[in-house]
Amino acid sequence: MSNSKAGRAVTTQPTRLEAQSPYWGVPIARAIPAIVVALVVTFTPNHSSVIGLLVFGAFALASGVLTGILTLRAVPVGTSRTLLLTQAVTSVVAGVLALALQGFGLGFLLYLVSVWAAITAVLELVTGLRSRGDAPAKDWIAMGGLTGILALVFLLLPLTDLVAVGLFGAYGAVLGIYLVIAGLSLRWGTEAGASTTKESVTLEVQNP
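Because the structure is a prediction, the values reported are computed rather than measured.

**Brief notes about empty space enclosed by the protein**
Phase 1 of the analysis: Under the counting rule described, the total for this entry stands at 2 cavities of 30 Å³ or more.
Phase 2 of the analysis: For the largest cavity, the calculated volume is near 110 Å³.
Phase 3 of the analysis: Along its surface, the largest cavity is lined by 15 residues, and R30, Q87, E124, Y171 and L175 are the ones closest to its centre.
Phase 4 of the analysis: Looking at the lining of the largest cavity, the elements that each hand over two or more residues are α3 (49-74), α4 (79-100), α5 (105-130), α6 (137-156) and α7 (161-206).
Phase 5 of the analysis: The element best represented in the lining of the largest cavity is α5, accounting for 4 residues.
Phase 6 of the analysis: Among the residues forming the lining of the largest cavity, the class breakdown is 7 nonpolar, 6 polar and 2 charged.
Phase 7 of the analysis: Lining the second largest cavity are G52, F56, L109, V113, F154, A164, V165 and F168.
Phase 8 of the analysis: Secondary-structure elements contributing two or more residues to the lining of the second largest cavity are α3, α5 and α7.

Right under this line is the structure:
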């Protein structure tokens, strides 16, 4: 009986860790477009709505493609995967619209960013809340909250071109830094968890 318990400990725990370990690269990859947005906005003197739509479109398109591809590779089949893929499609559609309709002015920029941010925030928050207990859940909730704040700011405040583009650049900076920290935390946390699991399995095998 003791031997069978030890055998179950050896086979079950590593399987869980192996399922978690690939995900750490997803937030790192998603951080790249956000950091690029922050750098472009910081070093571009022209903060017109045309530039805003160009920057947002490129960000949303790149973020959507990366989220979709990496979700298919790293997230198991289930509700979380469906929600993240829906978020990816939303970002791709918003990015294409922004790039195709750059001449539609500030009103279109504010409306498009507000709608995109509201939809993706809800999807990310629901994903995190439904996945409580999984390693990335708190990061999904935090990113959803941050994007939700962006939606409210763009929807409710009377923004000029300069302020709107600057705020989106600040959003990119905060999001990018957070995603890098989240990805590294998941990687280190997984490694620490793997080490702890190996030690506990060894002790259980030695003391059946």
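**Let's talk about the packing of helix α2 (residues 25-43) against α3**
Phase 1 of the analysis: In contact at an axis separation of 9 Å, α2 and α3 are set at 175° when each is read in the N-to-C sense. Judged on the interaxial angle alone, α3 and α2 are roughly antiparallel. Across the interface between the two elements, V26, A29, R30, P33, A34, V37, V40 and V41 of α2 pack against V55, F59, A62, S63, L66, T67, L70 and A74 of α3.
Phase 2 of the analysis: Of the residues contributing to the contact of α2 with α3, the split by class is 13 nonpolar, 2 polar and 1 charged.

Definitions and cut-offs
Residues numbered from 1 in each chain as written. Predicted model: local features only at pLDDT ≥ 70, side-chain atom pairs only at ≥ 80, totals over all residues. Heavy atoms only, no water. 1 Å grid on protein atoms, 1.4 Å probe; cavity = no way out; pocket = protein on both sides within 12 Å on 5 of 7 lines; lining within 4 Å. Points joined across faces, edges and corners; volume = space filled by probe spheres on them. Helix = DSSP H or I, 4+ residues; strand = E, 2+ residues; numbered from the N terminus. Nonpolar A, V, L, I, M, F, W, Y, C, P; charged D, E, K, R; others polar. Axes fitted to C-alpha atoms, helices over the stretch in contact; angles between N-to-C directions. Parallel < 35°, antiparallel > 145°, perpendicular 65-115°, else oblique. Contact = heavy atoms within 4.5 Å.

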